[in-house]
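Per-entry structural report
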Amino acid sequence: MSAPVAAHPVTDALLPVYRRAPMELVRGEGVELIDADGKRYLDFTSGIAVNALGYGDPQLQAVMKRAAEGLIHVSNLFRTAPGEQLADKLVASSFADKVFFANSGAEANEGAFKFARRWARNVGGPAKHEIFSLRGAFHGRLFGTVAATDRPQYRMPFRPLAGGISILERDLDDLDISLNSETTVALILEPIQGEGGVRVFEPEFVRAVRQMTQERRIALIFDEIQCGLGRTGHLYAYERLGVTPDIMTLAKPIAAGLPMGAILATDEIASAMQPGEHGTTFGGGPFVSTVALHVFDRLSDPQLLAHVRELGTWFGEQLHGIAARTNRVRAIRGAGLMWGVDVVEPAGGIIARAREAGLLIVSAGEHTLRMLPPLVSTREDLARGLATLEGVLAAG
Ligand SMILES: Cc1ncc(COP(=O)(O)O)c(C=O)c1O
């Protein structure tokens, strides 16, 4: 182990919008993070579903070094190969025909809203304008996406939010009343809601939504920013639903922590967009796309996906065991390596105690723990973290 790095003094120069944990992280190895005092933490957060390949992955490092020696950026006014190759792979592996690269999840969703409106105006005329999301949704914090995000504390201070975007119940009757063929453009949903408490939509529900939206010429957008790209043990979370969307957004793990988002769309939607109607300076540049090409190959490896499915089933069983033994758990939801655990006491205290004990987890609401371990975690890694979690819960 290399010598501990001296802790940087805490600055007050950063905008205080995060309640950050006190330690300073300086290094990562495999599925562990290491702070400035040399303390090791088993990571069940993956940078919130970003670091699917863990830390210090030698292949990833080699690709990044090679990419750094090539072109980093040129304008999207010129062609570069890596972005084109990545788009080809995303199209070949999904329902989609066209891809647009953005720089974050929120930005991808903002673009998706624009694409859907552009298409809907073409097919349904000027009255088509409404975009709906669902109770518990998190789609980002920009003006359009925060209007689609169901967290009062994220929304209230910034009203009036973007118009024509509202939230519906996760209820087919409510959807049936509100989704209107004359006025509705799109419905956006996360196949598994992440921030909203790790809520897994049943295939039957999504199939009914798909039928409704199809009949009413409403675009169905799947936000797979958190649950996509292998997290559920399928390359795309929609694969377990048996339906495809018209638009899908990706981000988080797509470029191993470099900023990238992607909007995938069918030809029907994409053909509505004309030159000049959307754009971004950085999106899909050669450096980030070279890294993303490598990440895509790793995350679409059938062996990795089978590993995630197998470990995920086991992880869920273990969580149920912990619930039975500790009596401190109210509910467990999840798939693959994306799990939410509703706990009796506030999540914040458990998260702080787990951190003390060397395990990093995050919340998804006041009383929900969220676990998103790197997809390369082994059963032994997960067993170690679960044992820590059990100890922490039992001591509550
Ligand atoms: C489902 C979902 N959509 C959108 C976003 C926003 O992504 P970003 O933070 O990259 O803007 C997130 C981030 O947590 C997310 O989980």
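Residues numbered from 1 in each chain as written. Predicted model: local features only at pLDDT ≥ 70, side-chain atom pairs only at ≥ 80, totals over all residues. Heavy atoms only, no water.

Turning our eyes to something else, we now look at the pairing of strand E3 (residues 40-43). Relative to E3, strand E2 (residues 32-35) runs antiparallel, the two sharing three bridges. Residue pairing in the sheet places leucine 33 in a bridge with tyrosine 41 of E3. Here E2 folds back onto E3, and the loop between the two strands holds four residues, one of which, glycine 38, carries a positive phi near 85 degrees. (Pairing = 2+ DSSP bridges. Helix = DSSP H or I, 4+ residues; strand = E, 2+ residues; numbered from the N terminus.)

Across the sheet, which stays open at both edges, the four strands sit in the order E1-E2-E3-E15 with mixed pairing between neighbours. The strands lining the two open edges of the sheet, one partner per strand, are strand E1 (25-29) and strand E15 (359-360).

Moving on, we come to the domain arrangement of the protein chain. For the protein chain, the assigned domains are domain 1 (25-57 + 302-394) and domain 2 (70-299). The C-alpha centroid of domain 2 is placed 27 Å from the C-alpha centroid of domain 1. Contacts between the two partners involve 28 residues from domain 1 and, on the opposite side, 27 residues from domain 2. Regarding the contact of domain 1 and domain 2, the summed buried area is about 2,200 Å², with carbon and sulfur atoms giving 60% of it. Taken together, the connections running from domain 1 to domain 2 amount to two salt bridges. Across the pair arginine 370 and glutamate 195 runs a salt bridge whose closest N-O atoms are separated by 3.0 Å. (Domains from an automatic or database assignment. Contact = heavy atoms within 4.5 Å. Buried area = accessible area lost by both parts, 1.4 Å probe. Salt bridge = Lys/Arg side-chain N within 4 Å of Asp/Glu carboxyl O.)

Reading across the sheet, the four strands line up as E13-E14-E17-E16 and stay open at both edges, with antiparallel pairing between neighbours. Both outer strands of the open sheet, strand E13 (329-335) and strand E16 (362-363), are each paired with one neighbouring strand and no more. As paired elements, E16 and strand E17 (residues 368-371) share two bridges and run antiparallel to each other. Bridging across to E17, valine 362 finds its partner in arginine 370.

To continue, consider the packing of helix H2 (residues 58-69) against helix H10 (residues 286-299). Put simply, H2 and H10 touch, their axes get as near as 9 Å, and they point 155 degrees apart. Taken together, the axes of H2 and H10 are roughly antiparallel relative to one another. Along this stretch, H2 crosses H10, giving a crossing that reads as right-handed. For the pair formed by H2 and H10, the contact residues are Gln59, Leu60, Val63, Met64, Arg66, Ala67 and Ala68 on the first element and Phe287, Thr290, Val291, His294, Val295 and Arg298 on the second. (Axes fitted to C-alpha atoms, helices over the stretch in contact; angles between N-to-C directions. Parallel < 35°, antiparallel > 145°, perpendicular 65-115°, else oblique. Left-handed = near helix turned anticlockwise from the far one by under 90°.)

A word on the site of the ligand. Among the 13 residues in the neighbourhood of the ligand, the closest are listed as Gly105, Ala106, Asp223, Gln226 and Lys252. A distance of 3.3 Å separates a nitrogen atom of the ligand from a polar backbone atom of phenylalanine 138. Within the side chain of aspartate 223, an N or O atom sits 2.7 Å from a nitrogen atom of the ligand. Contact with the protein chains removes 80% of the 390 Å² of surface that the ligand exposes when unbound. Among the elements that line the shell around the ligand, the one with the most residues is helix H4 (residues 105-124), at three residues. (Near = heavy atom within 4 Å. Polar contact = N/O pair within 3.5 Å; in protein donor to acceptor, adjacent residues only side chain to side chain. Areas by Shrake-Rupley, 256 points an atom, 1.4 Å probe, with all protein chains shown as cover.)

This part takes up the packing of aromatic side chains. According to the stated counting rule, one finds eight aromatic pairs in the structure shown. Where phenylalanine 44 meets phenylalanine 315, the ring centres are 5.8 Å apart and the plane angle is 65 degrees; that geometry is what we call edge-to-face. Linking phenylalanine 44 in the loop between E3 and helix H1 (46-49) with phenylalanine 315 in helix H11 (residues 302-326), this pair joins segments that are 271 residues apart in sequence. The class of phenylalanine 315 is buried, set by a relative accessible area of 0%. Three or more aromatic residues joined by ring pairs form one cluster here, namely Phe95, Phe222, Tyr236 and Tyr238. When the ring centre of tyrosine 154 is taken as origin, the NZ or CZ atom of arginine 141, which lies over that ring, is 3.9 Å away. (Phe/Tyr/Trp six-rings, centres within 6.5 Å; stacked < 30°, edge-to-face > 60°. Buried < 20%, exposed > 50% of the residue type's maximum accessible area, 1.4 Å probe, protein only. Lys NZ or Arg CZ within 6 Å of the ring centre and 35° of its normal.)

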